[in-house]
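Listed below, chain by chain, are the residues.
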Amino acid sequence: GLYGEVRRCATAIGCIHLSAMDIDRRRAGGENLNVIEFVTMMECLHMLRRPTTADANCWEHVFSTVIMDSIQKNSDVMRDRLRKLLPKEVENVHAFIKADDLFPIVSAASIIAKVERDNHMQQLSSHLGLKLGSGYPSDPTTRSFLRQYKANNH
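Residues numbered from 1 in each chain as written. Predicted model: local features only at pLDDT ≥ 70, side-chain atom pairs only at ≥ 80, totals over all residues. Heavy atoms only, no water.

Chemist: Summarise the pattern of salt bridges; cite the residues concerned and give the values.
Modeler: If you walk through the whole model with that rule in mind, you get six salt bridges. A salt bridge links Arg 8 to Glu 5, with the nearest nitrogen and oxygen atoms 2.9 Å apart. Placement of the pair is Arg 8 and Glu 5 together in helix α1 (residues 2-9), with a separation of three residues, close to one helical turn. On the basis of relative accessible area, Arg 8 is assigned to the exposed category, the value being 61%. As a salt-bridge pair, Arg 83 and Asp 80 come within 3.8 Å of each other at their nearest N and O atoms. Of the two residues, Arg 83 and Asp 80 are both situated in helix α4 (residues 75-85); the distance of three residues between them amounts to about one turn of the helix. For Arg 83, a relative accessible area of 43% puts it in the partly exposed group. Overall, Asp 80 belongs to the partly exposed group, its relative accessible area being 33%. One continuous salt-bridge network, built from bridges that share partners, spans Asp 76, Arg 79, Asp 80 and Arg 83. (Salt bridge = Lys/Arg side-chain N within 4 Å of Asp/Glu carboxyl O. Helix = DSSP H or I, 4+ residues; strand = E, 2+ residues; numbered from the N terminus. Buried < 20%, exposed > 50% of the residue type's maximum accessible area, 1.4 Å probe, protein only.)

Have a look at this one:
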């Protein structure tokens, strides 16, 4: 499928899995979901580095362009925040609302993220022996699980 094709074609992939406990802990520490998402995106970008050929202790990014799906209504603000945090070698920095609809490379990243998430939900369902669904709020299976869980545990 597309997931395998993207993995085969990609120069590098950075993927970070955040548990509900990680998110809850960070929110309790004062971070909102946008901050958590932005920081995690930056951590993913930081993963996409390799040692330089001249010095194994010196690292370089494997990209010179960043195109992000903006998590803010004003995508220019996000672009500017990214620019400040990325090294100067990253020459082109862009943030767009619905970037995955506009750029195939961002669509590819969305495919990786969604399949990784789906795989995790399937593993969790198998481990618990419960039908959890996709985990998305609109999923009827997820909603049913949450209703049952709440009724049985509160």
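We are not done yet, so read on.
Chemist: I'd like to hear about the side chain of Glu 116, residue by residue, with values.
Modeler: Structurally, Glu 116 is set in helix α6 (residues 104-128). Put simply, Glu 116 is tucked away with no salt bridge, and the nearest opposite charge, on Arg 7, sits 4.0 Å away. Within the local environment of Glu 116, its side chain forms a polar contact with the side chain of His 17, the two groups lying 3.2 Å apart. Beyond its immediate stretch of four places on either side in the chain, Glu 116 contacts Tyr 3, Arg 7, Cys 15 and His 17. (Lys, Arg positive; Asp, Glu negative; His and termini not counted. Polar contact = N/O pair within 3.5 Å; in protein donor to acceptor, adjacent residues only side chain to side chain. Contact = heavy atoms within 4.5 Å.)

Chemist: Explain the pairing of strand β3 (residues 65-69) residue by residue, including any values.
Modeler: Alternating positions in β3 separate cleanly, Val 66 and Met 68 being buried on one face and Thr 65, Ile 67 and Asp 69 remaining unburied on the opposite face. With five bridges connecting them, β3 and strand β4 (residues 92-96) associate as parallel partners. When the sheet's bridge partners are listed, Thr 65 is paired in β4 with Asn 92. (Pairing = 2+ DSSP bridges.)

Chemist: Can you break down α6 residue by residue, with the values?
Modeler: For α6, built from 25 residues, the straight-helix expectation of 36 Å at 1.5 Å per residue is met to within 8% by its first-to-last C-alpha distance of 36 Å. Three or more residues of α6 are buried, namely Val 106, Ala 108, Ser 110, Ile 112, Glu 116, Met 121 and Ser 125. Against α1, β3 and α5 (99-102) lie the buried residues of α6. (Expected span 1.5 Å × (residues − 1).)

Chemist: Tell me about the nonpolar core, and please be specific about residues and values.
Modeler: Generally speaking, soluble globular proteins have nonpolar side chains that are buried together. Counting 15 residues, the largest nonpolar core has Leu 45, Val 66, Met 68, Met 78, Leu 82 and Leu 86 as the members making the most contacts within it. Of all the secondary structure elements, the ones that give two or more residues to this core are α3 (33-47), β3, α4 and β4. Sorting elements by how many residues they give to this core places α3 first, with four residues. (Core = buried A, V, L, I, M, F, W, Y, C linked by side-chain atoms within 4.5 Å.)

Chemist: Provide a residue-level description of the packing of aromatic side chains, including the pertinent values.
Modeler: According to the stated counting rule, one finds two aromatic pairs in the structure shown. Taken together, a centroid distance of 5.1 Å and an interplanar angle of 40 degrees make the contact between Phe 96 and Phe 103 tilted. Measuring from centroid to centroid gives 5.8 Å for Phe 145 and Tyr 149, while their planes differ by 35 degrees, and the two rings are tilted. Placement of the pair is Phe 145 and Tyr 149 together in helix α7 (residues 140-153), with a separation of four residues, close to one helical turn. Its relative accessible area of 19% is what places Phe 145 among the buried residues. On the basis of relative accessibility, which here comes to 43%, the residue Tyr 149 falls in the partly exposed class. Geometry around Phe 38 places Arg 81 over its ring, the cationic atom sitting 3.9 Å from the centre. It is Arg 117 that lies over the ring of Tyr 136; its NZ or CZ is 4.0 Å from the centre. (Phe/Tyr/Trp six-rings, centres within 6.5 Å; stacked < 30°, edge-to-face > 60°. Lys NZ or Arg CZ within 6 Å of the ring centre and 35° of its normal.)

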